[in-house]
Every structure is written in structure tokens, then in C-alpha cells.
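# What the coordinates show
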Amino acid sequence: MKVLMINKFLHPNGGSETYIFRLGDYLKSQGHEVQYFGMEHTGRCVGNRVNAYTSDMDFHGGSKLSKLTYPIKTIYSSEARKKLRLVLEDFRPDVCHLNNFNYQLTPSILLEIAKWKREGHPCRVVYTAHDLQLVCPNHMCSNPNTGENCEKCLGGHFLNCMKGRCIHGSLAKSAVGTLEAVLWNGCGVYKNIDVIICCSEFLKTKMGTNPLFAGKTVAMHNFVDRISYEKAEKKDYVLYFGRFSREKGIDTLIQVCKALPEIPFIFAGTGPLEEEIAGVPNIQNVGFQRGQALETLIREARFSVYPSEWYENCPFSVMESQMYGTPVLGANIGGIPELIEPGKTGELFESGNAAQLKEKIQALWENRELTDRYSENCADVRFDDVARYTEKLMKLYKGE
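This structure is a prediction, so every number in the text was calculated from the model and none was measured. (Residues numbered from 1 in each chain as written. Predicted model: local features only at pLDDT ≥ 70, side-chain atom pairs only at ≥ 80, totals over all residues. Heavy atoms only, no water.)

## Points about the overall build of the protein
What counts, and what does not: Where helices and strands are cited, they refer to DSSP runs of H or I of at least four residues and of E of at least two residues respectively, numbered from the N terminus. For the radius of gyration, the atom set is restricted to C-alpha positions; the globular benchmark scales as 2.2 Å times the number of residues to the power 0.38. The buried label goes to any residue with under 20% of its type's maximum accessible area, the exposed label to any with over 50%, and the partly exposed label to all in between, with areas taken from a 1.4 Å probe on protein chains only. Only the protein chains shown count as cover for residues, with accessible areas throughout obtained via the Shrake-Rupley method and a probe of 1.4 Å. Counting rule for charge: Lys and Arg are taken as positive, Asp and Glu as negative, and neither His nor the chain ends is counted. Each charge is placed at NZ for Lys, CZ for Arg, CG for Asp and CD for Glu.
Across its full length, the protein carries 15 helices and twelve strands. Relative to a compact globule of 400 residues, whose C-alpha radius of gyration would be 21 Å, the protein shows 22 Å and is just as compact. Structurally, the protein occupies a C-alpha span of about 65 × 50 × 40 Å along its principal axes. For the protein, buried positions account for 53% of its 400 residues. Here the protein displays about 17,600 Å² of accessible surface, and carbon together with sulfur accounts for 50% of that area. Counting 47 positive and 47 negative side-chain charges, the protein places the averaged centre of each group 8 Å from the other.

Below, the structure written as C-alpha cells:
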């Protein structure tokens, strides 16, 4: 099978890129042909045979002239259509697998794929929704100015994005985002997508608020590489690993740490709230960790805390912690509760509720027998690896 992976970034940049690279490599290992389409970039590490890519769009840099044209280019890209056509004519894919494409590639590429199909070239269009972009112009369902979760745009009420200045707190950027959403949803371009993969039931529910998507969504948790369960000697600390930012609930967690001075915490990561962490005696900030160092931190923790206060979809940290044998105390928000079995591999608390978070941490800390049992139960945790995920994906590719 020939699969064209479409994503605006073709260099390591975030979760969607990790997804397409790993998935593409596995598909090729199984005998499928895979090529990629997106933006050109000095760090690009995948591509297509005809070397057709759109120009790099740097919203944070670039010339004054280029910045003036960005509002138009983020809504419609004739360049993306022309370059994609070159790839389609050369590669002739059986599947176009879309990932993140809004603003840089724009939904105009769907018009080109639809045109290609009308010309007699069967092609299945699959879209993996890595966020809420198609139902919320700022892709987060969260107002950056208030820090509150917001669902005002769901159901197609996109003018609320501009009213709330929801894109970087800017009226101009929010207006462009609103226009992009109104235009492409209004013209029905997304009807050209055959199936939408959502990485959680939660995301599936939110995507389903758009009538165009309701009958096309399927929930499939992200894949993770197999991790061998090893019973580790647990040490006396509670672990948080991830970004130090407000939407991740770090403000609330710091408040709780201060109220529990007898419990040692280890924070592993970076972010804007590092200074606030530095002033708390019972928090040891070990900075950003990866590889064996991070694995050891996770395996040896009594339990980990994931206190997010925004709509997480399928956080890898929650899955990874349990697969390494460490139970998770997670916020009951977004897709997090789908990944934890309360009373078996961890527990849940009300997101943003500092009093309840404190109570839960204290109770778990004081009951070592319970956390040890949760840890042993983690040996039974099974999330799909890339092989199992691809088995399901192939059925969607074939329209079964």
C-alpha cells in the first residue's frame, strides 16, 4: 500500500512529528511505501521523491513583507495545492494520511485531494486529530487570557474565538483564526475526510460536536513502545515529570507541596514556573530528563502525579509511568481518566481542586501497602504498541 503522510512539520518538533516518523518507519518495515508532504525546513528529515514542499512559514521571524502576507497564506495556500499535486501525480498514493495541516498547509490541500479523486484516482483520506483544531480555532479549548477551559466555539460558534482573543491574546490573530474556521467549515471542505482518528474518547466526543465529523470519528489511544515491567525498589519521593506551566496544574501542585512539607517531591522538566518551584524546600527540581535517567526516576517513585488543568487528550506521561510500574494520581479531566484504572493502577482527583489533591497525596503517601499493590497491578497494563496500532489503522486505510 502507498501511504502519503501529510504534516506541516517534517522535522522533529512535537508529538505529531514523533507519531508520523514512528508510524511511517513501521509501515515501511511491513513492506508499504511511505512518502511525506509538508513544509521545507533546514531540519527536514523525511520527504518525497519529487522534493516538492511548501515554503517554510516562520510566524515568529521572517521579513516584514512575508508577515504581511501570512494572514492570507494561513487561510488558503495555492503553493500547497500545486506542490501536493506534484507528489500525487508521481507517488499515486492509496491513502493520504493527514495530521497537523491548518495555518501552514491550510485545508486547501483537501480541495486538491478531492480534485485528484474526481479525476479517477481512488484515494482514502484519513485524518489523525492530534488536538481540537477543527472544532476550536486555538486548538486547545482553553482561553489563554483567563486560563480557563472554554467550549464556546464547539458546534461551529467560531466568532467566540475573536471575541475572547483566544489566539495568543491577539485580536488580529484571533480574527484570522476565526475567519479560517468559518470559511472552511462553511464550505464543507472537511466532508472530503473519510475517517477521523481521535486519540481518546474525550477528543472523539468533542470532535463529534461538528455534524460533519460525528459519523466519521473513531477513538484509538496513541501507541507506545513496549516497556518491560521490572519490579523496582521504590524510594521515598513523589514524582512529577513534564512541563512546568499553569495549564499543567503546576501552580496547584506547588501549593499542595508547600502544605505537605514532610513529603519529598521530585520535579523533572522545564518551563515558565521554574522560579516558583525553586522556593519550595521539599521539591527537588532535577531539570529535563530523558532516557535511562528518566526511566530510573519513574521506576523508583512511590507514585507520580499528573495534575493537568486543561483538556489533555492522551498524555504519554500517564501511560509511561504505569508501564514502568509506577501508579499515577491523575486529574479527572480530558482523556486522562481513560488511561488510569482507579483503585488498581492509580487514582483520580478533581482537576484544580488543591484540597482534594492534598488529601489524595497524603493518603497514598501514608499507605505504602496500597501504593505497592498499585505498582504490582501496573504489570498488567497494556497499551497498544505500534504493531497493534497499525493493525487497527490498516482497517481504516482499507475502509473496513
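## Side note on the state of the cysteines
Counted only if it meets this: Count a disulfide wherever a pair of cysteine sulfur atoms falls within 2.5 Å.
Tallied over the full model, the rule gives zero disulfides. Lacking any disulfide linkage, Cys198 is separated from the closest cysteine sulfur, that of Cys199, by 7.4 Å. Cys198 sits in the buried class, given a relative accessible area of 0%.

## Considering helix H6 (residues 171-186)
Cut-off, in case you're wondering: A helix is expected to span 1.5 Å for every residue after the first. In this description, the arc belongs to the directions extending from the helix axis to the C-beta atoms. Only heavy atoms enter the contact rule, under which two residues are in contact if any of them lie within 4.5 Å. Between N or O atoms, a polar contact is any pair within 3.5 Å; within protein, one atom must be a potential hydrogen donor and the other a potential acceptor, and residues adjacent in sequence are included only when both atoms are from side chains.
Taking 1.5 Å of rise per residue, 16 residues should cover 22 Å, and H6 covers 22 Å from first to last C-alpha, within 8% of that figure. Along H6, the residues classified as buried are Ser174, Gly177, Thr178, Glu180, Ala181, Trp184 and Asn185. Seen along its axis, H6 keeps its buried residues to an arc of 160°; they face one direction. Facing away from the buried side of H6 by more than 90 degrees, the exposed set consists of Ala172 and Gly186. Buried residues belonging to H6 abut helix H4 (108-118) and helix H5 (159-163). By the N-cap criterion, in which a side-chain oxygen at the helix start approaches the backbone nitrogen of a residue two or three places on, H6 is capped by Ser170, the distance to Ala172 being 3.3 Å.

## Structural notes on the sheet that holds strand S7 (residues 238-241)
Our working rule: Two strands make a pair as long as DSSP finds a minimum of two bridges between them. Inter-axis angles, ranging from 0 to 180 degrees, are taken between N-to-C directions of lines fitted to C-alpha atoms, where helices are fitted over the stretch in contact.
Strand order in the open sheet formed by six strands is S9-S8-S7-S10-S11-S12, with parallel pairing between adjacent strands. In the strand order of this sheet, the two ends are held by strand S9 (283-285) and strand S12 (346-349), each with one partner. For this sheet, the mean angle separating the axes of adjacent strands, direction not counted, is 25°. Bridge count for S7 against strand S8 (residues 265-268) is four bridges, and the pairing is parallel. Its bridge partner being in S8, Val238 is matched across the sheet by Phe265. The sheet strands contacting helix H13 (residues 354-365) are S7, S8, strand S10 (303-306), strand S11 (328-331) and S12, and the helix crosses S12 at an angle near 160°.

## Structural notes on a nonpolar patch on the surface
Stated precisely, the cut-off is as follows: Patches in this entry comprise residues that are over 30% relatively accessible and not in a salt bridge; like charges within 9 Å are linked, as are nonpolar side chains (Val, Leu, Ile, Met, Phe, Trp, Tyr) within 5 Å. What makes a salt bridge here is a side-chain nitrogen of Lys or Arg within 4 Å of a carboxyl oxygen of Asp or Glu, nothing more.
A cluster of nonpolar side chains, namely Leu159, Met162 and Leu171, defines an oily patch on the protein surface of about 240 Å² accessible area. Positionally, Leu171 belongs in helix H6. Taking relative accessible area as the criterion, Leu171 reaches 39% and is therefore assigned partly exposed.

## Describing the pairing of S10
On S10, burial covers both faces: Phe303 and Val305 on one face and Ser304 and Tyr306 on the other are all buried. In this structure, S7 lies alongside S10, joined through two bridges in parallel fashion. Residue pairing in the sheet places Val238 in a bridge with Phe303 of S10. As judged from the three bridges shared by S10 and S11, these two strands associate in the parallel manner. Each bridged residue has a counterpart across the sheet, and for Ser304 the counterpart in S11 is Val328.

## Brief notes about unusual backbone geometry
With a phi close to 50°, Arg92 is a non-glycine residue in the positive phi region. Within the secondary structure, Arg92 is located in the loop between helix H3 (78-91) and strand S3 (95-98). The backbone of His168 sits at a positive phi, close to 55°, despite the residue not being glycine. Assignment of secondary structure puts His168 in the loop between H5 and H6.

## Some details on the pattern of salt bridges
All told, the structure shown has 22 salt bridges when counted by the stated rule. Salt-bridge contacts for Asp225 lead to Arg22; the nearest nitrogen and oxygen are separated by 3.1 Å. One end of the pair, Asp225, is in the loop between strand S6 (217-219) and S7; the other, Arg22, is in helix H1 (residues 15-29), and 203 residues separate them in sequence. A salt bridge links Arg81 to Glu112, with the shortest nitrogen-to-oxygen separation between them at 2.8 Å. Pair noted here: Arg81 is in helix H3 and Glu112 is in helix H4, with a separation of 31 residues, a long-range link. Note on accessibility: Arg81 and Glu112 belong to one class, buried. Bridged by salt links that share partners, the residues Arg81, Arg85, Glu89, Glu112 and Glu119 form one connected network.

## Remarks on the nonpolar core
Note the threshold: For our purposes a nonpolar core is just a set of buried Ala, Val, Leu, Ile, Met, Phe, Trp, Tyr and Cys residues, chained together by side-chain atoms within 4.5 Å.
Residues Ile6, Leu98, Met207, Phe267 and Ile361 are the most contacted members of the largest nonpolar core, which totals 86 residues. Once residues lying within four places of it in the same chain are set aside, the contact partners of Ile6 are Phe37, Leu84, Cys96, His97, Leu98, Asn99, Leu105, Ile109 and Ile113. One finds Met5, Ile20, Phe21 and Met220 within the second-largest nonpolar core, a separate group that totals 25 residues.

Scope: geometric values only; no functional claims are made or implied.
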